[in-house]
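# Structure at a glance
Residue-level listing of the chains:
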Protein chains: 2
Amino acid sequence: MANNKNYHVAIVGVTGAVGQKMLKMLEEIDFPVEKLYPLASKRSAGKTITFKGEEIKIIEATPDAFEGVEIALFSAGGSISKELAPEAVKRGAVVIDNTSAFRMDEEVPLVVPEVNKEDIKTHKGIIANPNCSTIQMVVALDPIRKKYGLNRVIVSTYQSVSGSGNDAVEELKGQSRAMLDGEKAEANILPVKSEPNHYPIAFNALPQIDVFEDNHYTFEEMKMINETKKIMHDSTIKVAATCVRLPFFYSHAESVYIELDRDDISIEDLQNALRNHPGLVLEDDISNQIYPTPLSAEGKTDVFVGRVRKDLDVPNGFHFWVVSDNLLKGAAWNSVQIAQALIQQD
Amino acid sequence: MANNKNYHVAIVGVTGAVGQKMLKMLEEIDFPVEKLYPLASKRSAGKTITFKGEEIKIIEATPDAFEGVEIALFSAGGSISKELAPEAVKRGAVVIDNTSAFRMDEEVPLVVPEVNKEDIKTHKGIIANPNCSTIQMVVALDPIRKKYGLNRVIVSTYQSVSGSGNDAVEELKGQSRAMLDGEKAEANILPVKSEPNHYPIAFNALPQIDVFEDNHYTFEEMKMINETKKIMHDSTIKVAATCVRLPFFYSHAESVYIELDRDDISIEDLQNALRNHPGLVLEDDISNQIYPTPLSAEGKTDVFVGRVRKDLDVPNGFHFWVVSDNLLKGAAWNSVQIAQALIQQD
């Protein structure tokens, strides 16, 4: 691919929560699109989407649909990626995959452009976009790690329902209305659609995101643990995660505890390390009650950090609070950033 | 006070979220009440409450209102406790105070009956009820500490709005309805009524509970840190807390990380340590998606623990999830339990 060139770009899962945001991000940064291929399931084929004012028909995502595609952004679930990403690559496309299908594949770079943009160069057709909760955390951790060394992370998440897709957004709306009217909340989607039990998310908190693994962690928690180490190219960093689904629509928040390699760092030092990085905004002014929240971060592409504190017992320990829009930096925006970096490197 | 005797019991703040639950708890366990004194602000005086089927007039909480009172349950805010608890004691009452007014006073025992019931004996008129988020955590920590030793706790909380009183419950309802109807959410109460800025809690998360201290922690976070050490009589335990207000009505949840004195403990060992304790219920069966949630704990007096996991890097590290009804075990029920223990010890 060469510069000043326009590209044939496919979005797989274009009707989904993330697919819709991918469209919007491509529009907003005026990505050089020669032709857009909106792909989705058979059910959505024939409907239309609007891109840069133009109505385009949705095509069923089949192997042949990738003929001519140069960049394919996938966000239609892991099984679709496993089936169709190799078909897209076979036809000459570079795949940027927002599912967990290839993230831990040693041949596949796992990229957050602010952290490890250079890994894009090693791709063999597929570049993986990390899990939403991982992305926002590593954007905050990276400048700290580079400046002061990082040997430990313990995170508890506060994740919005949109991470489970549009169905979960509708479920939260419906359950909220029902409960406010004194009616029973019907649960069919959360915590995990494919699991036997469903619990109300409205006015509740569910300590399960994705299925359980044998070690009693959920797959979401293991994603945060494994992906953080892979993105940072450091398997020695200790990472632990507890992931919790909460009744808000957009943005994930995270309560993060870290231990640095140095024990002579002040709150101000850490705040300074978090300032003036692309994609990262320090919102930490407690005297004016300034800190990020899911609602304040909604619709923005940056990662926001606040509530920076020094641990009171452990001299190299710090606590902070990270918030970002899970559909944007956590998914669509990060994928589009990878696409940008890809065509710039070329 | 002697056994088989009935008592003159005052509830100060009887119209509040906790006061109402204190009434209910006294009724439910058939506490030996000879006469009930429902006390509240001038504004509520003259209204009535119902206790054991009887309508009783609310009296304004003044020093003289405590004449004849033997046990006074306070839950009307710290400044009321500071003013009136000494007046109640002067008139012969034992005060059980659910505010932060006396908790860190060296002369005042801070009691969670399952953990340090024997401290009640040292009282000099006032016994303090710990902060809601502290109580449920120490009930879970205590059996672990006794069996395996405990040297570190890092907690991130998921706290319901009822911890800020009935006004906050109504605010969450109103904002939720408004936002579901596409209207703007008006914020007047949370995160802290007396602070200049108010943010919507509906479909949001606020990383501020109570005011900020000079060390950048909130007062709520410092309560968890200091009270845990005091209740456990161990100032060497490292405790760190991040406290977050969330859009649910009742129960607090907590993501807790601990380090034991021993590094040869299995998940099963820890689960067993948490079983068969009064007031503590292990709900941890991930193969059937069994774990506690705010909605499942609502209205119950127990503390529920689930999601027990061993840290993957640190051999003496464990993670778990604790949920309890903040108005019951976190406030009213713990106060009534203290009253029960008090008359039994006598």
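Residues numbered from 1 in each chain as written. Chains lettered and ligands numbered in written order. Predicted model: local features only at pLDDT ≥ 70, side-chain atom pairs only at ≥ 80, totals over all residues. Heavy atoms only, no water.

Basically, it comes down to this: UniProt positions are given in the numbering used here, feature names are shortened, and annotations may be inferred rather than shown by experiment.
Under an unreviewed UniProt entry, chain A has the name Aspartate-semialdehyde dehydrogenase and belongs to Filobacillus milosensis. Per UniProt, chain A has the following entry under Catalytic activity (unreviewed entry): "L-aspartate 4-semialdehyde + phosphate + NADP(+) = 4-phospho-L-aspartate + NADPH + H(+)". Taken directly from UniProt, the Subunit (unreviewed entry) text for chain A runs: "Homodimer."

### With respect to the overall build of chain A
What counts is decided by this rule: We count a stretch as a helix when DSSP gives it H or I for four or more residues in a row; a strand needs E for two or more, and each element gets its number in order from the N terminus. The globule rule is 2.2 Å times the number of residues to the power 0.38, and the radius of gyration it is compared with is taken over C-alpha atoms. Here's how the labels work: a residue is buried when its accessible area is under 20% of the maximum for its type, exposed when over 50%, partly exposed in between, all with a 1.4 Å probe on protein chains only. Only the protein chains shown count as cover for residues, and all accessible areas are computed by the Shrake-Rupley method using a 1.4 Å probe. Residues scored as positive are Lys and Arg, those scored as negative are Asp and Glu, and His as well as the terminal groups of each chain are ignored. In this description, the location of a charge corresponds to atom NZ of lysine, CZ of arginine, CG of aspartate or CD of glutamate.
The helix and strand inventory of chain A stands at 9 helices and 14 strands. Here the C-alpha atoms of chain A give a radius of gyration of 20 Å, agreeing with the 20 Å that 2.2 N^0.38 yields for 346 residues. Every one of the 346 residues in chain A was classed for burial, and the buried ones make up 60%. Here chain A has roughly 12700 Å² of accessible surface; of this, 45% comes from carbon and sulfur atoms. Considering chain A, the positive charge centre built from 36 side chains and the negative charge centre built from 50 side chains are found 2 Å apart.

### Considerations on the environment of Thr48 of chain B
Residues and elements named next belong to chain B. This is how the line gets drawn: The contact definition used throughout considers only heavy atoms, calling two residues in contact when any of these lie within 4.5 Å.
Along the chain, Thr48 turns up in strand 3 (residues 48-51). For Thr48, a relative accessible area of 41% gives the class partly exposed. Spatially, the C-alpha atom of Thr48 lies 8.6 Å from that of Pro38, the residues being 10 residues apart in sequence. Filtering out sequence-adjacent residues up to four positions away, Thr48 remains in contact with Glu55, Ile56, Lys57 and Ile58.

### Comments concerning the packing of helix 4 (residues 132-148) of chain B against helix 6 (residues 219-231) of chain B
Any two packed helices are characterised by the angle at which their axes cross and by the distance between the axes. Residues and elements named next belong to chain B. To keep things clear, this is the line we draw: Lines are fitted to the C-alpha atoms to define the axes, a helix being fitted only along its stretch in contact, and any angle between axes, read from their N-to-C directions, falls within 0 to 180 degrees. Note that the term roughly parallel is reserved for angles under 35 degrees, roughly antiparallel for angles over 145, roughly perpendicular for angles of 65 to 115, and oblique for everything else. Left-handed describes a crossing in which the near helix is turned anticlockwise from the far one by less than a right angle; the clockwise case is right-handed.
Between helix 4 and helix 6, the shortest axis-to-axis distance is 9 Å and the interhelical angle comes to 40 degrees. It follows that helix 4 is oblique to helix 6 by the angle criterion. Crossing handedness for the pair helix 4 and helix 6: right-handed. In this structure, helix 4 uses Cys132, Ser133, Thr134, Met137, Val138 and Leu141 to contact helix 6, whose residues at the interface are Glu220, Lys223, Met224, Glu227, Thr228 and Ile231.

### Points about the UniProt feature "domain: Semialdehyde dehydrogenase NAD-binding" (unreviewed entry) in chain A
The positions UniProt marks with the feature "domain: Semialdehyde dehydrogenase NAD-binding" (unreviewed entry) are residues 8-123 of chain A. Each end of residues 8-123 of chain A is marked by a C-alpha atom, and these two atoms are 19 Å apart; helix forms 25% of the span and strand 27%.

### Quick look at the UniProt feature "binding site: phosphate" (unreviewed entry) in chain A
Residue and element names in this part refer to chain A. Residues annotated by UniProt as "binding site: phosphate" (unreviewed entry) correspond here to Arg103. In this structure, Arg103 sits in the loop between strand 7 (94-97) and helix 3 (113-116). Ignoring any residue separated from it by four or fewer positions in sequence, one finds Arg103 in contact with Asn98, Val108, Leu110, Ala128, Asn129, Pro130, Asn131, Lys223, Glu227 and Lys230.

### Some words on the relation of the copies chain A and chain B
Threshold: The least-squares superposition of copies is restricted to C-alpha atoms, and to residues with a pLDDT of at least 70 in both copies.
Its rotation angle being 180 degrees, the transformation that places chain A on chain B also includes 0.0 Å of axial translation and leaves an RMSD of 0.0 Å. Expressed as a symmetry operation, the mapping of one chain copy onto the other fits a two-fold axis. Taken together, the interface assignments show that 100% of the residues at the interface of chain A recur at the interface of chain B, consistent with an identical surface on both copies.

### Section: the packing of aromatic side chains
For clarity, the threshold we go by: Only Phe, Tyr and Trp rings are paired, with Trp represented by its six-membered ring, and only when their centres lie within 6.5 Å; those with planes under 30 degrees apart are stacked, over 60 edge-to-face, the remainder tilted. Only Lys NZ and Arg CZ are tested; either one counts as a charge over a ring when it is within 6 Å of the ring centre and within 35 degrees of the ring normal.
Across all of its chains, the model carries 13 aromatic pairs over all chains by this definition. Here the aromatic rings of Tyr158 of chain A and Tyr158 of chain B are separated by 4.1 Å at their centres, their planes lie at 15 degrees, and the arrangement is stacked. Here Tyr158 of chain B lies in strand 9 (residues 150-159) and Tyr158 of chain A lies in strand 9 (residues 150-158), a pairing that spans two chains. Three or more aromatic residues joined by ring pairs form one cluster here, namely Tyr158 and Trp321 of chain A together with Tyr158 and Trp321 of chain B. Positioned above the aromatic ring of Tyr217 of chain B, the side-chain terminus of Arg309 of chain A is 5.0 Å from the ring centre. One Lys or Arg, Lys5 of chain B, reaches over the ring of Tyr7 of chain B and ends 4.7 Å from the middle of that ring.

### As for the sheet that holds strand 5 (residues 59-60) of chain A
One key point about sheets: their strands pair by backbone hydrogen bonds, in either a parallel or an antiparallel sense. All names here are of chain A. We count it as follows: By the convention used here, strands pair only if DSSP detects at least 2 bridges between them.
Strand order in this open sheet of 6 strands is 5-2-1-6-7-8, and the pairing throughout is parallel. Strands with a single pairing partner mark the edges of an open sheet, and in this sheet they are strand 5 and strand 8 (126-128). For strand 2 (residues 33-40) and strand 5, the ladder comprises 2 bridges, and the chain directions are parallel. Within strand 5, the position partnered with Leu39 by the bridge is Ile59. Most of the contacts of helix 2 (residues 78-90) go to strand 6 (residues 71-74), to which it runs at about 175 degrees, and overall it touches strand 1 (7-12), strand 6, strand 7 and strand 8. In this fold helix 9 (residues 328-345) packs onto strand 1, strand 6, strand 7 and strand 8, with an angle of close to 160 degrees to the strand it touches most, strand 6.

### Digging into the interface of chain A and chain B
Where we set the bar: A 1.4 Å probe defines the accessible area here, and the buried area is the portion of it lost by two parts on being joined, summed over both. Whenever Lys or Arg places a side-chain nitrogen within 4 Å of a carboxyl oxygen from Asp or Glu, that contact is recorded as a salt bridge. By the criterion applied in these results, polar contacts are pairs of N or O atoms within 3.5 Å in which, for protein atoms, one can donate a hydrogen and the other can accept it, and in which residues neighboring in sequence qualify only through two side-chain atoms. In this classification, Asp, Glu, Lys and Arg are treated as charged, Ala, Val, Leu, Ile, Met, Phe, Trp, Tyr, Cys and Pro as nonpolar, and every other residue, Gly included, as polar.
Listed by partner, the interface residues are 69 residues for chain A and 69 residues for chain B. The junction of chain A with chain B conceals about 5600 Å² of combined surface from both sides, 59% of it contributed by carbon and sulfur atoms. Sorting the residues of chain A by area buried against chain B places Phe203, His216 and Gln289 of chain A first, and these three jointly supply 13% of that buried surface. Our count for the chain A to chain B interface comes out at 12 salt bridges. Here Arg152 of chain B and Asp311 of chain A are joined by a salt bridge, their closest N and O atoms 3.6 Å apart. Across the contact surface, chain A and chain B share 44 residue pairs in polar contact (both at pLDDT 80 or more). Here the side of chain A that touches chain B gets 6 residues from one element, more than from any other, and that element is helix 5 (residues 166-180) of chain A. Among the residues forming the side of chain A that touches chain B, the class breakdown is 38 nonpolar, 16 polar and 15 charged.

### Comments concerning the environment of Trp333 of chain B
Residues and elements named next belong to chain B. Secondary-structure assignment places Trp333 in helix 9 (residues 328-345). When the C-alpha positions of Trp333 and Ala72 are compared, they lie 14 Å apart, and in sequence the two are 261 residues distant. When residues no more than four places from it in sequence are discounted, the contact partners of Trp333 are Met25, Ile29, Thr301, Leu327, Leu328 and Gln340.

### Details of the sheet that holds strand 13 (residues 303-310) of chain A
Residue and element names in this part refer to chain A. Spatial strand order, 10-9-11-14-13-12: 6 strands in an open sheet with mixed pairing. In this open sheet, the two edge strands, each paired with only one partner strand, are strand 10 (238-242) and strand 12 (280-282). Across the sheet, the mean angle from the axis of one strand to that of its neighbour is 25 degrees, orientation sign disregarded. With 6 bridges connecting them, strand 13 and strand 14 (residues 317-324) associate as antiparallel partners. Directly across from Arg309, in strand 14, lies its bridge partner His319. Each of strand 9, strand 11 (252-260), strand 12, strand 13 and strand 14 is contacted by helix 4 (residues 132-148), which is oriented at about 30 degrees to strand 11, the strand it contacts most. Sheet strands touched by helix 6 (residues 219-231): strand 9, strand 10 and strand 11. Its angle to strand 10, the strand with the most contacts, is close to 155 degrees.

### So, the domain arrangement of chain A
Residue and element names in this part refer to chain A. Just so we agree on the cut-off: Domain limits in this description derive from either an automatic procedure or a database domain assignment.
Domain boundaries assigned for chain A yield domain 1 (7-130 + 331-345) and domain 2 (134-325). The straight-line distance from the C-alpha centre of domain 1 to that of domain 2 is 25 Å. Listed as interface residues are 20 residues of domain 1 and, on the opposing side, 19 residues of domain 2. Summed over both sides, the interface of domain 1 with domain 2 buries roughly 1500 Å², with 65% coming from carbon and sulfur. Where domain 1 meets domain 2, there are 1 salt bridge. Note that Arg103 and Glu227 form a salt bridge whose closest N and O atoms lie 3.1 Å from each other. Elements with a contribution of two residues or more to the side of domain 1 that touches domain 2: helix 1 (17-28), helix 3 and helix 9. Tallied by class, residues from the side of domain 1 that touches domain 2 come to 10 nonpolar, 6 polar and 4 charged.

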